[in-house]
Amino acid sequence: MDALFDAGRTASAQILAVELDRAPISYLEGALVNPLLDPGLVLLILQKNRGITGPLISRIGRNRVWLKPYEVKAAIVLHPKTPRPLAMGLIQFLWWRDLARVADQATLAAPLRRAAERLLEIRMQELALGEKVALARIATRGVIGALRRTSDPMVMRALLQNPRLLEEDALAIASGKTTAPGVLQALAEDPRLSVRPALQKALVQNPATPPAAALHLLQRLSTQSLRELAHAPHLPTLVKVAALRTLEARTHPDRAGDRSSDSS
């Protein structure tokens, strides 16, 4: 054991670079007091050595020189063996993409993942449009709740590609009184969710849904849904008239034919 410790303590930087990814604990303990151990080699330990322990990670976290590079901070937070207090103290320094990785990594403690989601929600307003789009595609459930309030159709289309987005999320967006028309249009055009009857009905009922999208979806609704829409108090006039005519065409196709010939 002492020989391994001494080997790590006295190794050259070149030897450390070769040995650290698979070195045993005693060697790592010696390496941590080796004056040649720099942040790059510390990062190698954190990312490659599966045998590293929580106490060793804590020792790394107490060294300001090793901790200075962003990559080392991120590797510590993302390591499943990092003691929670250390990870919670460093998570505030992570950029949005690594926060998303923390939130999505099931091997990390639930409080740490929730903290990452809260930070993402707070910083979301500072992200560029492209970053929001990228985040929407990979967001976890906690972050989806914040992204649902977007008014940007590009972000919504990216969110609709996220397999974690549920029908209940889409319904909440479609029923929202402040949902932007462009977002409703994106919902109406989504091939996965726009076939759901409940979502179709919610979109048709929302006054902000673009008329062309609402009328297109209306044709897919069941007869029962059309009857309900025909008596809905706050339905846009255009949609209500279309619902009545579609209902009449289904229940009295002969009358619809007569009306068509009269108009010609």
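For the structure given in this document, a descriptive report is provided here. (Residues numbered from 1 in each chain as written. Predicted model: local features only at pLDDT ≥ 70, side-chain atom pairs only at ≥ 80, totals over all residues. Heavy atoms only, no water.)

## Focus: the overall build of the chain
Helix and strand counts for the chain come out as 20 helices and 0 strands. Expressed as lengths along the three principal axes of its C-alpha atoms, the size of the chain is roughly 100 × 30 × 30 Å. Taking contacts inside the chain between residues at least 6 apart in sequence as the whole, the part at least 24 apart equals 56%. Carbon together with sulfur atoms contributes 56% to the accessible area of the chain, which is approximately 14,000 Å² in total. (Helix = DSSP H or I, 4+ residues; strand = E, 2+ residues; numbered from the N terminus. Contact = heavy atoms within 4.5 Å. Areas by Shrake-Rupley, 256 points an atom, 1.4 Å probe, with all protein chains shown as cover.)

## With respect to helix α14 (residues 167–175)
Every buried residue of α14 is accounted for by D169, A170, I173 and A174. Projection of α14 onto a plane perpendicular to its axis shows the buried side chains occupying an angular sector of 130°, all on one side. Buried positions along α14 lie against α12 (141–147), α13 (153–160), α15 (181–189) and α16 (197–205). (Buried < 20%, exposed > 50% of the residue type's maximum accessible area, 1.4 Å probe, protein only. Arc of directions from axis to C-beta.)

## Topic: the side chain of S225
Considering the arrangement of structural elements, one finds S225 in helix α18 (residues 223–230). For S225, a relative accessible area of 15% puts it in the buried group. A polar contact is formed between the side chain of S225 and the side chain of S222, at a distance of 3.1 Å. (Polar contact = N/O pair within 3.5 Å; in protein donor to acceptor, adjacent residues only side chain to side chain.)

## Some thoughts on the pattern of salt bridges
Applying the stated criterion across every chain yields a total of 10 salt bridges. D98 is the partner of R101 in a salt bridge, and the nearest nitrogen-oxygen pair spans 3.0 Å. Residue R101 and its partner D98 are located together in helix α9 (residues 96–104), separated by 3 residues, close to a single helical turn. We classify R101 as partly exposed; its relative accessible area is 47%. Using a relative accessible area of 12% as the deciding quantity, one classes D98 as buried. E167 serves as the salt-bridge partner of R196, at 2.9 Å between the closest nitrogen and oxygen. Linking R196 in the loop between α15 and α16 with E167 in helix α14, this pair joins segments that are 29 residues apart in sequence. Owing to a relative accessible area of 28%, E167 belongs among the partly exposed residues under this scheme. (Salt bridge = Lys/Arg side-chain N within 4 Å of Asp/Glu carboxyl O.)

## Some thoughts on the packing of aromatic side chains
All told, the structure shown has 1 aromatic pair when counted by the stated rule. A cation over a ring is seen here: K73 above F93, with NZ or CZ 5.8 Å from the ring centre. (Phe/Tyr/Trp six-rings, centres within 6.5 Å; stacked < 30°, edge-to-face > 60°. Lys NZ or Arg CZ within 6 Å of the ring centre and 35° of its normal.)

## Remarks on the packing of helix α7 (residues 70–78) against α9
With their axes 10 Å apart at the nearest point, α7 and α9 run at an angle of 15° to one another. One element, α7, and the other, α9, form an angle in the roughly parallel class. The hand of the α7/α9 crossing is right-handed. In this structure, α7 uses Y70, A74, V77 and L78 to contact α9, whose residues at the interface are D98, R101 and V102. Taken together, the residues of the contact of α7 with α9 sort by class into 5 nonpolar, no polar and 2 charged. (Axes fitted to C-alpha atoms, helices over the stretch in contact; angles between N-to-C directions. Parallel < 35°, antiparallel > 145°, perpendicular 65-115°, else oblique. Left-handed = near helix turned anticlockwise from the far one by under 90°. Nonpolar A, V, L, I, M, F, W, Y, C, P; charged D, E, K, R; others polar.)

## Description of the packing of α16 against helix α17 (residues 211–218)
Taken N-terminus to C-terminus, the directions of α16 and α17 make an angle of 140°; their axes are 9 Å apart at the nearest point. Classified by the interaxial angle, the pair formed by α16 and α17 is oblique. When the axes of α16 and α17 are compared, the crossing they make is left-handed. Between α16, through Q200, L203 and V204, and α17, the contact on the second element is made entirely by A214, L217 and L218. Taken together, the residues that form the contact of α16 with α17 break down as 5 nonpolar, 1 polar and no charged.

## Considerations on the environment of D2
Within the element layout of this structure, D2 appears in helix α1 (residues 2–10). According to the relative accessible area criterion, D2 is exposed, its value standing at 63%. In this structure, the C-alpha to C-alpha distance between D2 and Y27, residues 25 residues apart in sequence, is 8.9 Å.

## Considering the side chain of N49
By secondary structure assignment, the location of N49 is in the loop between α4 (39–48) and α5 (54–61). Under the relative-accessibility criterion, N49 is labelled buried at 3%. For N49, the side chain forms a polar contact with the main-chain oxygen of L20, separated by 2.7 Å. Engagement of the side chain of N49 in a polar contact is seen with the backbone oxygen of A23, the distance being 3.0 Å.

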